[in-house]
Amino acid sequence: WMKINQLVRENRIAILAVQETHLNRPRVDALDDLFGDLLVIEHSPDPTNPTGARGVAFVLNKRMIKTPRYTVKEVVPGRAILLDLQWTDARNVRILNVYGPNVPADNSRFWTDLQDADLGRIDLLLGDFNIVKRRIDRIPLRADDPNAVAALTSLATHLSVHDGWRSTHGDDKAFTYMHGSTTSQSRLDRIYIRNAIRKDADNWDIRETGVGTDHAMPFVDLAYRRAPFVARGRWTMPKHL
């Protein structure tokens, strides 16, 4: 978590979505003691094994956002958590952080359950999907379970979201995960964006994190285009002087 704090500071990340967190309430309380002035951690633990499996969380960077202006909803414990953040006085952004199951049948059922949950408008659907929709997103090339792919496609259509990195980079190949024993690679971690705000997104990227994880980090800038331009300002003496 020291490295996560460094990651959000150096990359100027306002909101970081994390999966496989293994957090429980005492661990989050301990982190609040360390980083409470800098970060807010909102988590959804696995109900049966919170410190040993699964878990999803949002890390909010207090350096960049006004953290009291948000609500969090646990959609699927340990698997899906929804952040509703007041972005500007007139606009909020709703982000669904997901951690898809590894087993194809469970993965398929997960997307169907999310669609049936009637979550309303989702601006960003992101996380570790544990599935790819196109063969090009794996090396060696192979297709994933068709039922799971169909369920995820149906959810994306239902939410009117699309894979922002793929839309921007065409048929380029890039991956977020490498299997340690087989060296196969895949782009399991993705960010889907609502079609209506596509014009507000830029700098779609995949970055190494420096954190102890075998996943790389998909990244996007989301800008409020109607915000007034703020210049650099002027030099002033510190108030305590």
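Look a little higher up for the structure.
If you're wondering where the values come from, they're calculated on a predicted model, not measured in any experiment.

Observations concerning the overall build of the protein chain
Okay, step 1: For the protein chain, the count of helices and strands is five helices and 14 strands.
Okay, step 2: Counting only C-alpha atoms, the protein chain reaches 65 × 40 × 35 Å along its principal axes.
Okay, step 3: Contacts in the protein chain between residues far apart in sequence, at least 24 positions, make up 62% of those at least 6 positions apart.
Okay, step 4: Split by element, the accessible area of the protein chain, about 13200 Å² in all, is 51% carbon and sulfur.
Okay, step 5: With 34 positive and 30 negative side-chain charges, the protein chain shows a separation of 6 Å between the mean positions of the two kinds.

A few points about the pairing of strand 3 (residues 56-61)
Okay, step 1: A large share of strand 3 lies buried, amounting to six of its six residues.
Okay, step 2: Burial along strand 3 is two-sided: Val56, Phe58 and Leu60 facing one way and Ala57, Val59 and Asn61 facing the other are all buried.
Okay, step 3: Bridge count for strand 1 (residues 15-19) against strand 3 is five bridges, and the pairing is antiparallel. What sits directly across from Val18, in strand 3, is Ala57.
Okay, step 4: Summarising the sheet, strand 2 (residues 39-44) and strand 3 pair through six bridges and their orientation is antiparallel. Within strand 3, the residue paired with Ile41 across the bridge is Val59.

Considerations on the sheet that holds strand 2
Okay, step 1: Read from one edge of the open sheet, three strands run 1-3-2, paired in antiparallel fashion. Edge positions in the open sheet fall to strand 1 and strand 2, since each of these has one partner strand only. Averaged over all pairs of adjacent strands, the angle between their axes in this sheet comes to 20°, without regard to strand direction.
Okay, step 2: Its contacts with the sheet place helix 1 (residues 2-10) against strand 1, strand 2 and strand 3, and it is angled at close to 145° to strand 1.

Let's talk about the packing of helix 3 (residues 104-116) against helix 4 (residues 146-159)
Okay, step 1: Following both chains from N to C, one finds helix 3 and helix 4 inclined at 15°, their axes separated by 8 Å at the closest point. By the angle between their directions, the pair helix 3 and helix 4 is classed as roughly parallel. The handedness of the crossing between helix 3 and helix 4 is left-handed. Here helix 3 contributes Pro104, Asn107, Ser108, Trp111, Thr112, Leu114 and Gln115 to the contact with helix 4, which in turn contributes Asn147, Ala148, Ala151, Leu152, Ser154, Leu155 and His158.
Okay, step 2: Of the residues assigned to the contact of helix 3 with helix 4, the class counts are seven nonpolar, seven polar and no charged.

Things to note about the pattern of salt bridges
Okay, step 1: Evaluation of the coordinates by the stated rule reveals 15 salt bridges.
Okay, step 2: Two residues, Asp144 and Arg138, come together in a salt bridge whose shortest N-O distance is 2.7 Å. Across the pair, exposure class does not vary: Asp144 and Arg138 are buried alike.
Okay, step 3: Residue Arg187 pairs with Asp163 through a salt bridge whose shortest N-O separation is 2.6 Å.

As for the side chain of His162
Okay, step 1: Looking at the secondary structure, you find His162 in strand 9 (residues 161-163).
Okay, step 2: Judged by relative accessible area, which is 17%, His162 ranks as buried.
Okay, step 3: Among the polar contacts listed, one links the side chain of His162 to the side chain of Asn195, at a separation of 2.5 Å.
Okay, step 4: Of the polar contacts made by the side chain of His162, one reaches the side chain of Arg198; its length is 3.5 Å.
Okay, step 5: Setting aside its immediate chain neighbours within four residues, His162 contacts Ser167, Ile191, Tyr192, Ile193, Asn195 and Arg198.

Digging into the packing of aromatic side chains
Okay, step 1: Counting across every chain of the model gives three aromatic pairs.
Okay, step 2: With a centroid separation of 5.1 Å and 55° between ring planes, the pair formed by Phe129 and Tyr192 is classed as tilted. Highlighted residues: Phe129 in the loop between strand 7 (124-128) and strand 8 (138-139) and Tyr192 in strand 12 (residues 189-194), separated in sequence by 63 residues. Like Tyr192, Phe129 is buried.
Okay, step 3: Among the aromatic side chains, those forming a connected cluster through ring pairs are Phe110, Trp111, Phe129 and Tyr192.
Okay, step 4: Its guanidinium or amino end placed over the ring of Tyr99, Arg79 lies 5.0 Å from that ring's centre, counting from NZ or CZ.
Okay, step 5: Residue placement shows Arg207 over the ring face of Phe219; its charged tip is 3.6 Å from the ring centre.

About the thresholds
- Residues numbered from 1 in each chain as written.
- Predicted model: local features only at pLDDT ≥ 70, side-chain atom pairs only at ≥ 80, totals over all residues.
- Heavy atoms only, no water.
- Helix = DSSP H or I, 4+ residues; strand = E, 2+ residues; numbered from the N terminus.
- Contact = heavy atoms within 4.5 Å.
- Areas by Shrake-Rupley, 256 points an atom, 1.4 Å probe, with all protein chains shown as cover.
- Lys, Arg positive; Asp, Glu negative; His and termini not counted.
- Charge placed at Lys NZ, Arg CZ, Asp CG, Glu CD.
- Buried < 20%, exposed > 50% of the residue type's maximum accessible area, 1.4 Å probe, protein only.
- Pairing = 2+ DSSP bridges.
- Axes fitted to C-alpha atoms, helices over the stretch in contact; angles between N-to-C directions.
- Parallel < 35°, antiparallel > 145°, perpendicular 65-115°, else oblique.
- Left-handed = near helix turned anticlockwise from the far one by under 90°.
- Nonpolar A, V, L, I, M, F, W, Y, C, P; charged D, E, K, R; others polar.
- Salt bridge = Lys/Arg side-chain N within 4 Å of Asp/Glu carboxyl O.
- Polar contact = N/O pair within 3.5 Å; in protein donor to acceptor, adjacent residues only side chain to side chain.
- Phe/Tyr/Trp six-rings, centres within 6.5 Å; stacked < 30°, edge-to-face > 60°.
- Lys NZ or Arg CZ within 6 Å of the ring centre and 35° of its normal.

From the geometry alone we can't say anything about function, so treat these as descriptive.
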